[in-house]
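The primary structure of each chain is shown beneath.
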Amino acid sequence: GENVEQHPSTLSVQEGDSAVIKCTYSDSASNYFPWYKQELGKGPQLIIDIRSNVGEKKDQRIAVTLNKTAKHFSLHITETQPEDSAVYFCAASPNNAGNMLTFGGGTRLMVKP
Amino acid sequence: DAMVIQNPRYQVTQFGKPVTLSCSQTLNHNVMYWYQQKSSQAPKLLFHYYDKDFNNEADTPDNFQSRRPNTSFCFLDIRSPGLGDAAMYLCATSGGRGSYEQYFGPGTRLTVT
């Protein structure tokens, strides 16, 4: 089955700096890679995703890059703000009927004002 | 405006006393999922429904059951909660049929006393 590893487990940055979170996956059949933001006491919120036919996707201050050959993908947050502080999860999914997600272990991002 | 609704948000039950958590969705999605999330961990899939077809994860304890009476509603039944079942329970939905995105509800925090 799929295995997703996520690094780092915690990340502390100064407000305004950039943050990068990296994930690797094992199953070459995976072709959908979402990122979720989870604030304390809330459910995960889908913030950006990428499909395997695209190498990069950007939405305002966040971007995701995908390297299918190396089986890794990364989340980039620029100009971080205190409200970006949360736990971020990456995930990978093969093209199957159930759209099953395998999650990484999560990264706790702290943005210091 | 809420798309995936979970009730209650907080549930306290006694050791061994059956409890039911509910989830409803306004997205008309084919697939509904139940996840268990313990502190500082990634969500762990318990089972999912693709339409009326029930799919149980191999390591989901028999103590956990689910019902989906119609497209909009799905229930998680814990027949005899133990202290180890205290967790956040997350419901998610997906359109299925090539629609990859999973949308999560706010979760139900279960406490077992």
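This text goes with the structure placed above it.
Residues numbered from 1 in each chain as written. Chains lettered and ligands numbered in written order. Predicted model: local features only at pLDDT ≥ 70, side-chain atom pairs only at ≥ 80, totals over all residues. Heavy atoms only, no water.

Enquirer: Is there a simple way to explain the overall build of chain B in this structure?
Expert: Scanning chain B from terminus to terminus reveals zero helices and eleven strands. Reading the helices (α) and strands (β) of chain B from amino to carboxyl end gives β-β-β-β-β-β-β-β-β-β-β. Referenced to the eigenvectors of the C-alpha coordinate spread, the extents of chain B come out at roughly 40 × 30 × 30 Å. Put simply, chain B has 113 residues, and 50% of those count as buried. For chain B, the computed accessible surface area is about 5500 Å², with 49% contributed by carbon and sulfur atoms. The averaged location of the 9 negative side-chain charges in chain B is 6 Å from the averaged location of its 10 positive side-chain charges. (Helix = DSSP H or I, 4+ residues; strand = E, 2+ residues; numbered from the N terminus. Buried < 20%, exposed > 50% of the residue type's maximum accessible area, 1.4 Å probe, protein only. Areas by Shrake-Rupley, 256 points an atom, 1.4 Å probe, with all protein chains shown as cover. Lys, Arg positive; Asp, Glu negative; His and termini not counted. Charge placed at Lys NZ, Arg CZ, Asp CG, Glu CD.)

Enquirer: So what exactly am I meant to see when it comes to the pattern of salt bridges here?
Expert: Inspection of every chain in the model, using the stated rule, returns seven salt bridges over all chains. Lys57 of chain A is paired through a salt bridge with Asp49 of chain A; the nearest N and O atoms lie 2.9 Å apart. A residue is classified by how much of its surface remains accessible, and Asp49 of chain A, at 6% relative accessible area, is buried. Linking Lys44 of chain B and Asp59 of chain B is a salt bridge whose minimum nitrogen-to-oxygen distance equals 3.4 Å. Here Lys44 of chain B, found in strand β5 (residues 44-50), pairs with Asp59 of chain B, found in the loop between β6 (53-56) and β7 (64-67); they are 15 residues apart in sequence, far enough to count as distant. Lys44 of chain B sits in the partly exposed class, given a relative accessible area of 32%. (Salt bridge = Lys/Arg side-chain N within 4 Å of Asp/Glu carboxyl O.)

Enquirer: Is there a simple way to explain the environment of Thr20 of chain B in this structure?
Expert: Residue and element names in this part refer to chain B. In this fold, Thr20 is placed in strand β3 (residues 19-25). Residue Thr20 is classed as partly exposed on the basis of its relative accessible area, which comes to 35%. Each C-alpha atom, one on Thr20 and one on Phe64, is 10.0 Å from the other, the two residues being 44 residues apart in sequence. Residues contacting Thr20, with those up to four places away along its chain left out, are Arg67, Phe75, Leu76 and Asp77. A distance of 2.6 Å separates polar atoms of two side chains, one belonging to Thr20 and the other to Asp77. (Contact = heavy atoms within 4.5 Å. Polar contact = N/O pair within 3.5 Å; in protein donor to acceptor, adjacent residues only side chain to side chain.)

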